[in-house]
Amino acid sequence: MGTLASPTGAQIALPFYVQFKNEQEALEYAKEYLEPFNILGKTACIIWDSEVGKQLLSTFVLSDEALAFLVARDLYGVQRPFLLTQVFTFMLCFYTLHIFVYKGDSIVFLIALPILAGMAIYSAFGWNKLAIYLNEYHADVMAANLSVMHTKGGQEYYLKFLTRNRILRNLVNGGDKLFSPIGEVKMSIAKYVSRYDGINDVSSDNDQLTLSILGDDLAQ
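Residues numbered from 1 in each chain as written. Predicted model: local features only at pLDDT ≥ 70, side-chain atom pairs only at ≥ 80, totals over all residues. Heavy atoms only, no water.

**Q** Looking at this structure, I do not really get the environment of Lys21. What am I missing?
**A** Its location among the elements puts Lys21 in the segment before α1 (23-33). Sequence separation between Lys21 and Asp64 is 43 residues, and the spatial gap between their C-alpha atoms is 9.4 Å. (Helix = DSSP H or I, 4+ residues; strand = E, 2+ residues; numbered from the N terminus.)

The following block contains the structure:
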């Protein structure tokens, strides 16, 4: 919440399962606090000792690499004040209104007012979605580029995230309306499959760079 570019700074919140060191800790927590299990407004009754329950619990346990990626990603996510684009959009719209009020015909203004208001609202929503997408993708790539450890952590984090959603799709009543067959959150703006692919691209680039460096060393 917020941005590091603002005077008030920013806050990040990590998911509850970052506290788990192993599946036993996750199991004990789930039995005490996750019966029933609530997600995105839906409820599922899960037998945590069952095979499916254990598969789901395994997605809650993150390695140190995945935790490092998650923290770095969220910190990068609050660095860039993308929402300023909304301010510029509204400024432009109100400037146009100002021209109509003081220099244009009043009848034209009355006709144009609802159109301009609609354009302002539509632009604000569009800019907001674009800002979220760019910010999330940028944060993923920047975090993954920090080190090989962060890259592997990002791959693990999103793979477990998508796996968890695939499992929940079959357990939650109406899960097919929440998640796609591959585990995508249907209402998400920055699609998680694309974000996972973006980190895989970083991994491929790192591998190619490593091979190039090794080739240069051998040539010498």
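**Q** How should the environment of Met149 be read in this particular structure?
**A** Topologically, Met149 is positioned in helix α6 (residues 148-171). Taking the relative accessible area as the measure of exposure, Met149 reaches 36% and is therefore partly exposed. Sequence separation between Met149 and Phe69 is 80 residues; the distance between their C-alpha atoms is 8.1 Å. With sequence-adjacent residues up to four places away left out, Met149 is seen in contact with Glu65 and Ala68. (Buried < 20%, exposed > 50% of the residue type's maximum accessible area, 1.4 Å probe, protein only. Contact = heavy atoms within 4.5 Å.)

**Q** When you look at the pattern of salt bridges in this model, what are you seeing that I'm missing?
**A** Scanning all chains against the criterion turns up five salt bridges. In this structure, the salt-bridge partner of Asp49 is Lys31, at a minimum N-O distance of 2.9 Å. Placement of Asp49 in the loop between β2 (42-44) and α2 (51-58) and of Lys31 in helix α1 is noted, with a sequence separation of 18 residues between them. Lys31 sits in the partly exposed class, given a relative accessible area of 39%. Its salt-bridge partner being Arg195, residue Asp140 comes within 2.6 Å of it at the nearest N-O pair. In this pair, Asp140 is assigned in helix α5 (residues 106-144) and Arg195 in helix α8 (residues 192-219), connecting sequence segments 55 residues apart. Because the salt bridges share partners, they merge into one network encompassing Glu136, Asp140 and Arg195. (Salt bridge = Lys/Arg side-chain N within 4 Å of Asp/Glu carboxyl O.)

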